[in-house]
Amino acid sequence: MKNITQSQIKQAIDSFLSAQFDKKAASLIKSLEKATQDSDINAQIKAKEDIKKAQEKYALDAWMEYAHAWMSKQLSFGTHISKGVHASSKGDNVIYAPSDSINKQSIVGHHSIKHPITDASGNAAALPLAAFVQTQVYYEDNSSFTIGELIKAKHPALNGVFHSNAETSEQIRDTFYKLVVAYIETPKTDELNKQILWPLIDDSQSAREHFYHCVIPLYPTALTHNLYEKIQDIKFSDANTLAKKNRSKVNEIQTSYVTIKDLAVLNIGGSNPQGVSQLMSKKRGKTYLLPSMPPSFTQTQEFSFSKNASSIFNAKTMAYKTRRTLDALYKIISAHHNNMSIRDTRKAILDDLLLQILQIANSMQSNRPAGWSVDYNNLDYAEKLWLDPFRGELEGEADFKANFDKGHWQQEIEAKFAAWLQDLLKNEFSKLKKDFGDPEQNQWEKEMADALKESQRLGQGAFA
């Protein structure tokens, strides 16, 4: 900012005034051209007079005097504005600069924006002054600052740039300074603003004494505009638009695209958002609202068991996770029939039980970091090989990998599953304990062996 020169600022001001004149004169020049084509002398004279008036209006001294005397009294700048709460509010705006003591990592807010934009509200006819203070002054390496930022900093290069008369230029600069810093002698609110009575707690107060801070929330226009621009860029960027367009085209390259769910839109200002503020006019009154509902907590699906456990089959979690399938198995066994239909149903239920157990194992193999079983000292070694298969890829775990590759652990897993299921059935059918002997246990082992072989054939879980 120190390197900005007076000539660079004057060039930016001249460019702004020229753009304002061009916008105003476009229709007047068309009128002059038409009058010339029609050989209408009177219309030509009038058009030329109107163009001359426009040139005089947008001359430096004339425009600055008008901006100083009238526009500056019609506008109020702020990062937090009153009209955003109610379009007819006549309360003051505020430019808020958060202190360094705020923990900027704990919560997202106005303080999260590195360079918050300043909004302007008031008479729409005076909004060109807001555009003026936001005009960029470019200097070295195409870097820039706005005229408003230079005014806030009281940059010495501003001397004499606002008027041909040095004293008048200084007066205009002082007026603009009060405008861009939202200087308020006596703050005022409006009956259309909201109010929050914040209780002050003091142990010294009697039961009948109550003191409050009267808090008047203002609309955080800098924050909502920043959010609006980010969402617009995400939703309507060229890359995202092209990706959405190509999703239904077979011959086009398919790439991922962003969709923002649960996004609400609030329109502020109705058919006249310009009456609210300059930024509201730019986004046509549209304000995006992100979901503000409390989080929905769901029970974790992670299989958990004690670090002191010797087997996941001994954990209560296993019986709980598979309880519905086990109940179905108990029910079919209670039928006391042994026809083909019953046997097929029992086989299907047992397959479901094995599938659930392998899914639990697969979840642990995939989601837990390699080597997690090191901290589970009491866990059976065969189960460590089964449930932590990628531990063998870690440095210093060559023996673990070698034991995994031998595959002897699979027989131990089959036996553990069979013993676990056998114990559950004996507890459920205490009067029929003798009916669950070696043949049944051998059958359970065979079923688990078949399930592990199928898993290995498909390259799932520990065999991925």
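Up top is the structure.
These figures come from a predicted structure and were not determined experimentally. (Residues numbered from 1 in each chain as written. Predicted model: local features only at pLDDT ≥ 70, side-chain atom pairs only at ≥ 80, totals over all residues. Heavy atoms only, no water.)

Draft legend 1. Structural view of the overall build of the protein. The secondary structure content of the protein amounts to 16 helices and 8 strands. Relative to its length of 464 residues, the protein is extended, with a C-alpha radius of gyration of 38 Å against a globular reference of 23 Å. With the C-alpha coordinates of the protein rotated into their principal frame, the extents come out at 115 × 75 × 50 Å. In the protein, once contacts between residues fewer than 6 apart in sequence are set aside, the share between residues at least 24 apart is 63%. Accessible surface computed for the protein: about 28,900 Å², of which carbon and sulfur atoms make up 51%. Computed over 56 positive and 55 negative side-chain charges, the separation of the two mean positions in the protein equals 5 Å. (Helix = DSSP H or I, 4+ residues; strand = E, 2+ residues; numbered from the N terminus. Rg over C-alpha atoms; globule rule 2.2 N^0.38 Å. Contact = heavy atoms within 4.5 Å. Areas by Shrake-Rupley, 256 points an atom, 1.4 Å probe, with all protein chains shown as cover. Lys, Arg positive; Asp, Glu negative; His and termini not counted. Charge placed at Lys NZ, Arg CZ, Asp CG, Glu CD.)

Draft legend 2. Representation of the packing of helix H12 (residues 340–367) against helix H15 (residues 409–428) within the structure. One way to put it is that H12 packs onto H15 with a least axis distance of 13 Å and a crossing angle of 125°. Relative to H15, the element H12 is oriented oblique. Note that H12 runs across H15; the crossing there is right-handed. Note on element contacts: H15 touches H12 through Phe417, Trp420 and Leu421, opposite Leu350, Leu353, Leu354 and Ile357. Tallied by class, residues from the contact of H12 with H15 come to 7 nonpolar, no polar and no charged. (Axes fitted to C-alpha atoms, helices over the stretch in contact; angles between N-to-C directions. Parallel < 35°, antiparallel > 145°, perpendicular 65-115°, else oblique. Left-handed = near helix turned anticlockwise from the far one by under 90°. Nonpolar A, V, L, I, M, F, W, Y, C, P; charged D, E, K, R; others polar.)

Draft legend 3. The arrangement of the environment of Lys154 in detail. Relative to the assigned elements, Lys154 resides in the loop between helix H5 (147–152) and helix H6 (166–180). As a C-alpha pair, Lys154 and Tyr177 span 23 residues in sequence and 8.1 Å in three-dimensional space.

Draft legend 4. Spatial organisation of the packing of H12 against helix H16 (residues 438–458). Packing of H12 against H16 leaves a shortest axis separation of 10 Å and a crossing angle of 55°. When the axes of H12 and H16 are compared, the pair comes out oblique. In this structure, H12 crosses over H16, and the sense of that crossing is right-handed. Two secondary-structure elements touch here, H12 through Lys347, Leu350, Asp351, Leu354, Ile357 and Leu358 and H16 through Trp444, Glu447, Met448, Ala451 and Leu452.

Draft legend 5. Representation of a nonpolar patch on the surface within the structure. Together, Ile196, Trp198, Leu200, Phe211 and Val215 make up an exposed nonpolar region whose accessible area comes to about 470 Å². Put simply, the parts of the chain that give the nonpolar patch at least two residues each are strand E5 (196–200) and strand E6 (211–215). No other element matches the 3 residues that E5 contributes to the nonpolar patch. Note on placement: Val215 falls in strand E6. (Patch = residues over 30% accessible without salt bridge, like charges linked within 9 Å, V, L, I, M, F, W, Y side chains within 5 Å. Salt bridge = Lys/Arg side-chain N within 4 Å of Asp/Glu carboxyl O.)

Draft legend 6. View of the pattern of salt bridges. On inspection of all chains with the given rule, the structure shows 13 salt bridges. A salt bridge links Lys416 to Asp380; its shortest N-O distance comes to 3.9 Å. One end of the pair, Lys416, is in helix H15; the other, Asp380, is in the loop between H12 and helix H13 (381–387), and 36 residues separate them in sequence. Judged by its relative accessible area of 22%, Asp380 is partly exposed. Of the charged contacts, one joins Lys446 and Asp450 as a salt bridge, the two residues approaching to 3.1 Å between their closest N and O atoms. Remark: Asp450 and Lys446 occur in helix H16; sequence separation between them is 4 residues, near one turn of the helix. (Buried < 20%, exposed > 50% of the residue type's maximum accessible area, 1.4 Å probe, protein only.)

Draft legend 7. View of the side chain of Asp92. Following the sequence through the fold, Asp92 ends up in the loop between strand E1 (75–78) and strand E2 (119–122). From its side chain, Asp92 meets the backbone nitrogen of Lys188 in a polar contact 2.8 Å long. Residues contacting Asp92, with those up to four places away along its chain left out, are Ser82, Ile184, Thr186, Pro187, Lys188 and Leu218. (Polar contact = N/O pair within 3.5 Å; in protein donor to acceptor, adjacent residues only side chain to side chain.)

Draft legend 8. Layout of H12. A rise of 1.5 Å per residue sets the reference length of H12, with its 28 residues, at 40 Å; its end C-alpha atoms lie 40 Å apart and thus fit the reference within 8%. Taken residue by residue, H12 has Ile342, Ile349, Leu350, Leu353, Leu354, Ile357, Leu358, Ile360, Ala361, Met364 and Gln365 as its buried positions. Those residues of H12 that are buried lie in contact with helix H10 (316–321), helix H11 (323–333), H13, H15 and H16. (Expected span 1.5 Å × (residues − 1).)

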